[in-house]
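The residues making up each chain are set out below.
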Amino acid sequence: LFTGRFCSEIPDISGNLQVGLSFDEYLHNVSLSKFLDVQEYGSAENWVAWRQAQHRKSPVQFNVSIIGGTLIQVQSRRTASGNTVILHSDVTNIVRLERDRAMEQQVKLLRTTLDHVNQGVCIFDRSGTCVGWNSRLDSLLGGGNQTWLKQHLADLLERLQSWIRPEGGFSFDTLKAWSEMQFGRPPITFELTTSIGTILSVFGQEMPDQGFVLSFSDVTADREAGKTLAQMNELL
């Protein structure tokens, strides 16, 4: 037995369903559908082998991906008489809501964590656009409620050039060239001096998604201590 809605998400095989169809024939038909996404398994044959392994379990529940982003939840259970009942449910919206909720929680956790570290942190995507920063960065680079989100690095540097200047022969052009590398950016370190005399040590590193992060540390006290020690050595 089967209902009219069974396999409705895979319309090119729904017409092949009929009483007397074996389970293996059912799987073969589904595996040939142009709507079934088997990329994760490498081939339709591998998907069939995986699906047969799931069939040997009872009860079992899993999701099947349909081309275009639809997710079908499959529930399979043996009955007392030895038959198997298979239910298909479209859970696309439910899964998306769960993913969005989890992503939102992760972003909040990341922001809370970053706001409690002593370094200023700014995160950029692979195009060089800011996607996150912490409050410490605001205090190190001018104070106030700066607008960093969705700003490109080049625009941020232009806006901040009256407040910060690179030291030791480093230039903003070097930083721009580094940020525009497509992949394989090596870690980068340089120092900045603000208009009020604060010295910042900056460390840049590429992330796995080809974005990058810049962290800013206030090393003014360390540099002043170094100068004082050098002067004491000269006097000695």
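Residues numbered from 1 in each chain as written. Predicted model: local features only at pLDDT ≥ 70, side-chain atom pairs only at ≥ 80, totals over all residues. Heavy atoms only, no water.

A. The arrangement of the overall build of the protein chain in detail. Along the protein chain, the regular secondary structure elements total eight helices and nine strands. For the protein chain, the C-alpha radius of gyration of 29 Å lies well beyond 18 Å, the compact-globule estimate for 236 residues. Seen through its C-alpha atoms, the protein chain measures out along the principal axes to roughly 100 × 35 × 35 Å. Per-residue burial over the protein chain gives 33% buried out of 236 residues. Across the protein chain, every contact between residues at least 6 apart in sequence was considered, and the portion connecting residues at least 24 apart equals 34%. Within the structure as shown, the protein chain displays about 14800 Å² of accessible surface, and the carbon and sulfur contribution to it stands at 52%. (Helix = DSSP H or I, 4+ residues; strand = E, 2+ residues; numbered from the N terminus. Rg over C-alpha atoms; globule rule 2.2 N^0.38 Å. Buried < 20%, exposed > 50% of the residue type's maximum accessible area, 1.4 Å probe, protein only. Contact = heavy atoms within 4.5 Å. Areas by Shrake-Rupley, 256 points an atom, 1.4 Å probe, with all protein chains shown as cover.)

B. Expanded view of the pattern of salt bridges. Tallied over the entire structure, the rule returns two salt bridges. In this structure, the salt-bridge partner of Glu167 is Arg165, at a minimum N-O distance of 3.1 Å. Arg165 gets classed as partly exposed once you look at its relative accessible area, which sits at 47%. A salt bridge links Glu206 to Arg185; the nearest nitrogen and oxygen atoms lie 3.2 Å apart. Taken together, the residues Glu206 in strand S8 (residues 199–206) and Arg185 in the loop between helix H7 (172–179) and strand S7 (188–194) connect sequence positions 21 residues apart. (Salt bridge = Lys/Arg side-chain N within 4 Å of Asp/Glu carboxyl O.)

C. Examining the environment of Ser195 more closely. Looking at the element boundaries, Ser195 is found in the loop between S7 and S8. You can call Ser195 partly exposed: its relative accessible area is 48%. A sequence separation of 37 residues divides Ser195 from Met232, and the C-alpha atoms of the two residues are 27 Å apart. Apart from the residues lying within four places of it in its own chain, the contact partners of Ser195 are Ser162 and Trp163.

D. Molecular detail of helix H6 (residues 153–160). Listing the buried residues of H6 in full gives Leu153, Leu156, Leu157 and Leu160. Angularly, the buried residues of H6 cover 100 degrees about the axis, an arc narrow enough to put them on a single face. Tucked inside the fold, the buried residues of H6 contact strand S4 (120–124), strand S5 (130–133), strand S6 (164–166), H7 and strand S9 (212–218). (Arc of directions from axis to C-beta.)

E. A look at the sheet that holds strand S1 (residues 60–66). Read across the sheet, three strands follow the order S1-S2-S3 without closing on themselves; strand pairing throughout is antiparallel. Pairing within the sheet leaves two strands with one partner each, and these edge strands are S1 and strand S3 (84–90). This sheet shows a mean twist of 25 degrees between the axes of neighbouring strands, independent of strand direction. One ladder, built from seven bridges, connects strand S2 (residues 70–78) with S3; its direction is antiparallel. Bridge pairing links Val74 to His88 in S3. Strands in contact with helix H3 (residues 44–55) are S1, S2 and S3; relative to S1, the strand with the most contacts, it is inclined by about 155 degrees. (Pairing = 2+ DSSP bridges. Axes fitted to C-alpha atoms, helices over the stretch in contact; angles between N-to-C directions.)

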